[in-house]
Amino acid sequence: MTYRELAVPGAFEITPRQHGDPRGVFLEWFQGAPFREAAGHGLDLQQANLSVSAAGVLRGVHFADVPPGQAKYVTCARGAVLDVVVDLRVGSPTFGTWDTVLLDDVDRRAVYLSEGLGHAFCSLEDGSTVLYLCSTPYAPGREHGVHPLDPALGIAWPTVGRDGSPLTHQLSEKDTAAPGLEEAAAAGLLPRWEDVREFVATLA
């Protein structure tokens, strides 16, 4: 298992070692010790989520108030998604920066994103199945979103699916109504860099 830090500090791409034989494939998609070494702290698992998405579905950009925020460890068990991490921490040297990782059922990579970061993905084929390990349970009163198509973010979303066919982006009503980055910042919805740093330091 190898870790690669993304362009957004606090986010990592994780590539597992796969063991295949005529029966199929086995892999460990999360290991506590390598995670702690890379992130500097453990992952306090409080909830595990699963979503299934049609081709073209966009989910996100989602984030939670810090403290406590919600860290996520994400993989795609079936199909393929382009996973996106966005730095939404006001005051961060990389504020507004985003990075992507292809999560699919071939390389079986995972993405970890720390508290205060935004998460989104685009499904590249029907039935794409995404698994999330979360550090806190769902709490609608402190969870928010930024519009994934906001020009201020400029995320380069895929326009063709895994099979090469054109994608039609589909958003939930909630994500369609989400504010842009500048609007969310002006409303005080975004996490502050210093608050995130202080909270993450308590996890070590």
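Residues numbered from 1 in each chain as written. Predicted model: local features only at pLDDT ≥ 70, side-chain atom pairs only at ≥ 80, totals over all residues. Heavy atoms only, no water.

### Details of unusual backbone geometry
If a residue is not glycine, its phi is most likely negative; likewise, a peptide bond is most likely trans. Our working definition: Labels follow the DSSP assignment, with helices taken as runs of H or I lasting at least four residues and strands as runs of E lasting at least two, numbered in each case from the N terminus.
That bond from Gly60 to Val61 is cis: its omega, 10°, falls within 30 degrees of zero. With respect to the secondary-structure elements, Val61 resides in strand β6 (residues 58-64). The residue after Pro67, namely Pro68, is reached through a cis peptide bond having omega -5°. With respect to the helices, strands and loops of the structure, Pro68 is situated in the loop between β6 and β7 (72-78).

### Some details on the UniProt feature "active site" (unreviewed entry) in the protein chain
Heads up, the rule is: UniProt positions are given in the numbering used here, feature names are shortened, and annotations may be inferred rather than shown by experiment. When accessible area is computed with a 1.4 Å probe and restricted to protein chains, residues below 20% of their type maximum are described as buried, those above 50% as exposed, and intermediate ones as partly exposed. Note on contacts: a residue pair is in contact if any heavy atoms of the two residues lie within 4.5 Å. Distance and chemistry together define a polar contact, namely a pair of N or O atoms within 3.5 Å, with one atom able to donate a hydrogen and the other to accept it when in protein, and with adjacent residues in sequence counting only for side-chain atoms on both sides.
Under the present numbering, the feature "active site" (unreviewed entry) in UniProt falls on His62 and Tyr132. Spatial clustering of the annotated residues is evident: they stretch over 71 residues in sequence, but the largest pairwise C-alpha distance comes to 13.0 Å. By the element assignment, His62 lies in strand β6. What makes His62 partly exposed here is its relative accessible area of 27%. Here His62 is in contact with Lys72, Leu117, Gly118, His119, His144, Gly145 and Asp175, once residues within four sequence places are set aside. In this structure the side chain of His62 is engaged in a polar contact, spanning 3.4 Å, whose partner is the backbone nitrogen of Gly60.

### Thoughts on the packing of aromatic side chains
Just so we agree on the cut-off: Centre distance within 6.5 Å is the pairing criterion for rings of Phe, Tyr and Trp, where only the six-membered ring of Trp is used; planes under 30 degrees apart are then read as stacked, over 60 as edge-to-face, and the remainder as tilted.
If you walk through the whole model with that rule in mind, you get six aromatic pairs. Relative to Phe12, the ring of Tyr3 lies with its centre 6.1 Å away and its plane at 70°, an arrangement referred to as edge-to-face. Here Phe30 and Tyr73 contribute two aromatic rings whose centre-to-centre distance is 5.0 Å and whose plane-to-plane angle is 90°, an arrangement assigned as edge-to-face. Of the two residues, Phe30 sits in the loop between β4 (24-26) and α1 (32-39) while Tyr73 sits in strand β7, which places them 43 residues apart along the sequence.

### Focus: the pairing of β7
Two faces make up the sheet, and in a regular strand the side chains alternate between them. Short version of the rule: Here, any two strands with at least 2 DSSP bridges between them count as paired.
Counted residue by residue, β7 has five buried out of seven residues, so it is predominantly covered. As defined by bridge partners, β7 adjoins strand β10 (residues 110-113) across four bridges and the pair is classed as antiparallel. Within the sheet, the bridge partner assigned to Tyr73 lies in β10 and is Tyr112. Inspection of the sheet shows β7 paired to strand β12 (residues 128-134) by six bridges, in the antiparallel sense. Across the sheet, Lys72 pairs through a bridge with Cys134, a residue of β12.

### Quick look at the sheet that holds β12
Quick reminder of the rule: To get an axis, a line is fitted to the C-alpha atoms, and for a helix only the part in contact is used. The angle between two axes follows their N-to-C directions and goes from 0 to 180 degrees.
Spatially, β1-β2-β10-β7-β12-β5 is the arrangement adopted by the six strands of the open sheet, whose pairing is antiparallel. If you trace the sheet from one side to the other, it starts and ends with β1 (2-5) and β5 (47-53), each paired once. Across this sheet, the average inter-strand angle for adjacent strands is 20°, counted without regard to direction. As paired elements, strand β2 (residues 11-15) and β10 share four bridges and run antiparallel to each other. Residue pairing across strands places Ala11 opposite Leu113, the latter belonging to β10. Packed onto the sheet, α1 meets β1, β2, β7 and β10 and runs at close to 25° relative to β1.

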